[in-house]
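Okay, here's what each chain looks like letter by letter:
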Amino acid sequence: AGNGPISIAVDDFNGDGQADFAVAAIRSANVVARFSGETSERVLATVRNARTVISADLNGDGFPDLLAAGFGFEVDDTSEIVILLGDGAGNFTTTRQTIDPRGAIDVGVGNFDSDDADEVVIAAYNGTVQIFDVVGGRLALINELVITDPSTGERTIGTEAIAVRDLNQDGLADLVIANSRAEAIELFINSPSGLQRNRTITGVPSPSDVVIERLDGDQFLDVAVTSLYGQTSPNFRLPSIVSVLGLTVSEREVLLTMDPAEPLDFGFRPLTSIPRALPAEGERNYDVDRNGVITLRDALLVINSIDRLRSGEGEATTTANRYRPDVNDDGRVTPRDALHIINRIARQRRAQSRAEGESLLAVDASELRVKAIDEVMAANFGNAAEIF
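Quick notes on the rules
Residues numbered from 1 in each chain as written. Predicted model: local features only at pLDDT ≥ 70, side-chain atom pairs only at ≥ 80, totals over all residues. Heavy atoms only, no water. Pairing = 2+ DSSP bridges. Helix = DSSP H or I, 4+ residues; strand = E, 2+ residues; numbered from the N terminus. Axes fitted to C-alpha atoms, helices over the stretch in contact; angles between N-to-C directions. Core = buried A, V, L, I, M, F, W, Y, C linked by side-chain atoms within 4.5 Å. Buried < 20%, exposed > 50% of the residue type's maximum accessible area, 1.4 Å probe, protein only. Contact = heavy atoms within 4.5 Å. Salt bridge = Lys/Arg side-chain N within 4 Å of Asp/Glu carboxyl O.

Undergrad: What am I meant to see in the sheet that holds strand β3 (residues 30-34) here?
TA: In any sheet, the strands associate via hydrogen bonds between backbone groups, in a parallel or an antiparallel arrangement. Read across the sheet, four strands follow the order β1-β2-β3-β4 without closing on themselves; strand pairing throughout is antiparallel. On the outer flanks of this sheet lie β1 (5-11) and β4 (42-46), each paired with one strand and no other. Looking at each pair of strands side by side, their axes are set apart by 20 degrees on average, direction ignored. Here strand β2 (residues 20-25) pairs with β3 via five bridges, running antiparallel. From the neighbouring strand, phenylalanine 21 faces β3, where its bridge partner is arginine 34.

Here it is as structure tokens:
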């Protein structure tokens, strides 16, 4: 697809329940798509020295959009960003802008500030990381981070790829950066004061891409890093390898350790399957942020929606919101919606405790956490008897 494909985004862009794909092609400097049921490619946009394309719901209408970033050419001093807002039927509205500096190399999407909307993070080869809101189909800069060497304070050049996920399960997106020149993986943990460097793993040869996912079946996320070369010293040598960094999450910090096991091979489901993982029927309303899992963050999103409604910042209806906080489908957003989610999580924890043979103390601890949340809700919204 395209001339020199370098990045791919897979999603259902035309609403037929089948996987479609869009690629950023570096040689032809454009974004090319192939939709299921179509025999020919579509050229969606041109991008100067295209390097990456991602799929995400950028404007909160429930349909997948595309964002492509162009590195720029030697004569340029800016990067080019193209946003394609999808209508769910395979059509896109395109906006184009440039950002400083030149050298946009990778893009991610995540909730970096605990509001209801995700932000876009763009990393440049020169060590600049920028976080943007999407407003009216355009990027608006809200924060910028310059990656520096902790020992020298100098800017760290050589960013090749980034990955965005909530690694420590605090509701804020964290950031993993692969740096090819430093042969290092850097972990930045988010907090209300912003992204802070947590760990740097060195000795990872020529890292070219990074993915965050659960790879070993436990509850913790792991980091898979692809290396263009298996070794770089004293000579560059093939084959390429995949390294797995195991994330062990505790209450206070995140630890990274290199897994010395043999390189792993990863595969994907056939493209004929539906790519999105959805909760089972009857569970979908609990999943407010539509990320495929039901957590206390879903209840918090409901509470935040109620706060905005009471302050006059939100609409009385829920159809225009990025998330779907009306859990019980009564046309209103009330504390009852958050309580439905909390009770659902409590039931799930009790069932897991019985299935795993956990002690009664573990169940009691879970109940205490739920009661604590109920107390917070009562403090914010008044007497529970008055509400319900």
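Undergrad: For this particular structure, what's the right way to read the nonpolar core?
TA: Nonpolar side chains in soluble globular proteins tend to be buried together. The biggest cluster of nonpolar side chains holds 17 residues, and the ones touching the most others in it are Val31, Leu44, Val47, Val53, Leu66, Leu84 and Phe92. Of all the secondary structure elements, the ones that give two or more residues to this core are β2, β3, β4, β5 (50-56), β6 (65-70) and β7 (79-86). If near-sequence neighbours (up to four positions away) are discounted, valine 31 is found in contact with Ala22, Val23, Arg42, Val43, Leu44, Ala45, Val47, Val53 and Ala68.

Undergrad: Explanation requested: the pattern of salt bridges in the structure shown.
TA: Side-chain pairing between opposite charges can occur once the charged atoms of the two side chains come close. A complete count under the given rule lists six salt bridges for this structure. Two residues, arginine 42 and glutamate 38, come together in a salt bridge whose shortest N-O distance is 2.6 Å. Taking the relative accessible area as the measure of exposure, arginine 42 reaches 25% and is therefore partly exposed. A salt bridge links glutamate 80 to arginine 48, with the nearest nitrogen and oxygen atoms 3.8 Å apart. Of the two residues, glutamate 80 sits in strand β7 while arginine 48 sits in the loop between β4 and β5, which places them 32 residues apart along the sequence. Classification of glutamate 80 by relative accessible area gives buried; the value is 8%. Salt bridges sharing common partners tie together Arg48, Asp76, Glu80 and Arg96.

Undergrad: Where do I start with the sheet that holds strand β11 (residues 128-135) in this structure?
TA: Strand order in this open sheet of four strands is β9-β10-β11-β12, and the pairing throughout is antiparallel. Strand pairing shows two members of the sheet lacking a second neighbour, β9 (104-110) and β12 (138-146), which therefore form its edges. Between one strand axis and the next, the sheet turns through 25 degrees on average, direction left out of account. Examined bridge by bridge, strand β10 (residues 119-124) and β11 share four bridges and lie antiparallel to one another. Bridge pairing in β11 places valine 121 opposite isoleucine 131.

Undergrad: Could you clarify how one ought to interpret unusual backbone geometry in this entry?
TA: For residues other than glycine, phi is negative in most cases, and the peptide bonds are mostly trans. Here the bond from aspartate 100 into proline 101 is cis, since omega is 0 degrees, no more than 30 degrees from zero. Topologically, proline 101 is positioned in the loop between β8 (92-99) and β9. Note that the residue after leucine 238, namely proline 239, is joined by a cis bond; omega there is 10 degrees. Relative to the elements of secondary structure, proline 239 occurs in the loop between β18 (222-227) and β19 (241-249). Even without being glycine, serine 206 reaches a positive phi, approximately 35 degrees. Topologically, serine 206 is positioned in the loop between β16 (196-202) and β17 (207-213).

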